[in-house]
Amino acid sequence: MSEALLAAEPAGTDTTVPAASGARQFWRRLRTQRAALVAAGVVALLALVALAAPLLTALEGQDPTTYHPSLVDSARGGVPIGSLGGASADHWFGVEPQTGRDLFARLVYGARVSLGVALAATVVQVALGITLGVAAALGRRWVDQLLSRFTDVIVAMPLMIMALALLAIVPASFPRPVLVALVIGLISWGNIARIVRAQTLTLKELDYVAAARLSGWGTWSIARRELLPGIAAPVITYAALLVPMNITVEAALSFLGVGVKPPTPSWGQMLTSADVWYQAAPQYLLLPAGALFVTVLALTVLGDGVRTALDPRAASRLRIGTGRRRESKADEGGTA
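Being a predicted model, the structure only gives us computed values, none of them experimental.

> Can you walk me through the overall build of the protein in this structure?
Each helix and strand in the protein was counted, giving 14 helices and two strands. Looking at the protein residue by residue over its 336 residues, the buried ones come to 41%. Across the protein, the fraction of contacts at a sequence separation of at least 24, relative to all contacts at a separation of at least 6, is 71%. Total accessible area on the protein is roughly 17,500 Å²; 66% of this is exposed by carbon and sulfur atoms.

Shown next as structure tokens:
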């Protein structure tokens, strides 16, 4: 309930509203979706691996940049010596062809780059989308028209082509992971701005927003206290689906050679080097490809679960672990 309406209630009226009831209902609905819970566990594990990369590589006794030329057969073009790509007690997943760098170390450090770039890009997209979407919806007509047309231009831009152009002209001295995150975020915020604008236009016509306006609140106070909580659900849902999309874009840019540069490891960069080694050293291709597949799948399932939990009227697009009977029981438990 709006703060403005609460202030207008007669004395003695009980207006206590459980602040956490919405959050409890959300978690109750999310717990009924087993696939989303499994995906959340996988995402948490991946995040833990990325954060603990220095500890894990120290436990193995390796690092992602040291060359081991003695572990590759130069006579055969740099194929790792031994079975399973040179896997051993010292190199758990084997070594990289030609260079002999440890694959496990590069994989876990690559998780840091891929997940970090995707999350940072999502933060930039959400921040720009909310700011410009709310400004367009609450501004004067000419402001709305200007920002809406600018958003249309951003949405129409081909992401990969623009990213390739921008990444190619920026000096190599600029930190590449930061640059990739900024480029992705600055080019692809248009859709979330459209969602925020449409939702804000709907909310600002409701009674509680009118009551806040009559109470003398300014435009941005109304936006912060009344409108932002109302657009939180669609923004969170879309942001959860943006992360796997951004991981894929980062991998594609690294695969094309304009993303993260060596020696910084990245899953997309590993795939770039692995395309000629899939027969001689298949694990060099399968490991980063498998990590990308699992990460994107887990984040997509989790995003769909969050969307369904926030809006129980919308059926899940992934009919896994989202039975209507369990959802109805959760809703009945929330209203009891």
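> What exactly am I supposed to notice about the packing of helix α5 (residues 103–138) against helix α6 (residues 141–156) here?
For any two helices packed against each other, the geometry is given by the interaxial angle and the distance between the axes. Running from N to C, α5 and α6 point in directions that differ by 145 degrees, and their axes come no closer than 7 Å. In the crossing of α5 with α6, the sense of the turn from one axis to the other is left-handed. Contact residues: Leu132, Ala135 and Ala136 in α5; Val143, Asp144 and Leu147 in α6. Classifying every residue of the contact of α5 with α6 gives five nonpolar, no polar and one charged.

> Please explain the side chain of threonine 237 as it appears in this structure.
As for its placement among the helices and strands, threonine 237 is situated in helix α11 (residues 219–255). Since its relative accessible area comes to 9%, threonine 237 is described here as buried. Other than its neighbours up to four places away in sequence, threonine 237 contacts Gly303, Val306, Arg307 and Leu310.

> Even after reading the chapter, I still don't get unusual backbone geometry, so can you show me in this structure?
If a residue is not glycine, its phi is most likely negative; likewise, a peptide bond is most likely trans. Here the phi dihedral of glutamine 98 falls at roughly 70 degrees; this positive angle occurs in a residue that is not glycine. Residue placement: glutamine 98 occurs in the loop between β2 (79–80) and α5.

> What is the right way to read helix α9 (residues 190–203) from this model?
The periodicity of an α-helix, 3.6 residues per turn, causes residues three or four places apart in sequence to face the same way. Its 14 residues place the ends of α9 20 Å apart at the C-alpha level, agreeing with the 20 Å of an ideal helix rising 1.5 Å per residue. Regarding α9, the residues found buried are Gly190, Ile192, Ala193, Val196, Thr200 and Leu203. The arc enclosing the buried residues of α9, seen along the axis, measures out at 155 degrees, which places them on a common side. Buried-residue contacts for α9 involve α5, α6, α10 (207–214) and α11.

> Looking at this structure, how should I read the nonpolar core?
General note: in soluble globular proteins, nonpolar side chains tend to be found buried as a group. Counting residues in hydrophobic clusters, the biggest one holds 21 residues, and the most contacted among them are Ile247, Trp267, Met270, Tyr284 and Leu292. Elements with a contribution of two residues or more to this core: α3 (34–51), α5, α11, α12 (267–274) and α13 (282–310). Apart from residues no more than four positions distant in its own chain, tryptophan 267 is found in contact with Leu107, Gly110, Ala111, Ser114, Pro288, Ala291, Leu292 and Thr295. Val180, Ala181, Ile184 and Val249 belong to the second-largest nonpolar core, a separate cluster that totals 15 residues.

> So what exactly am I meant to see when it comes to the environment of leucine 146 here?
Looking at the secondary structure, you find leucine 146 in helix α6. C-alpha of leucine 146 to C-alpha of alanine 136: the two residues are 10 residues apart in sequence and 8.2 Å apart in space.

> Even after reading the chapter, I still don't get the packing of aromatic side chains, so can you show me in this structure?
Both the distance between ring centres and the angle between the ring planes are used here to describe each pair of aromatic rings. Scanning the entire structure with this criterion turns up three aromatic pairs. Between phenylalanine 93 and phenylalanine 104 the ring centres are 5.3 Å apart and the planes differ by 85 degrees, which places this aromatic pair in the edge-to-face class. One end of the pair, phenylalanine 93, is in the loop between β2 and α5; the other, phenylalanine 104, is in helix α5, with 11 residues separating them in the sequence. Phenylalanine 93 sits in the partly exposed class, given a relative accessible area of 32%.

The rules behind these values
Residues numbered from 1 in each chain as written. Predicted model: local features only at pLDDT ≥ 70, side-chain atom pairs only at ≥ 80, totals over all residues. Heavy atoms only, no water. Helix = DSSP H or I, 4+ residues; strand = E, 2+ residues; numbered from the N terminus. Buried < 20%, exposed > 50% of the residue type's maximum accessible area, 1.4 Å probe, protein only. Contact = heavy atoms within 4.5 Å. Areas by Shrake-Rupley, 256 points an atom, 1.4 Å probe, with all protein chains shown as cover. Axes fitted to C-alpha atoms, helices over the stretch in contact; angles between N-to-C directions. Left-handed = near helix turned anticlockwise from the far one by under 90°. Nonpolar A, V, L, I, M, F, W, Y, C, P; charged D, E, K, R; others polar. Expected span 1.5 Å × (residues − 1). Arc of directions from axis to C-beta. Core = buried A, V, L, I, M, F, W, Y, C linked by side-chain atoms within 4.5 Å. Phe/Tyr/Trp six-rings, centres within 6.5 Å; stacked < 30°, edge-to-face > 60°.

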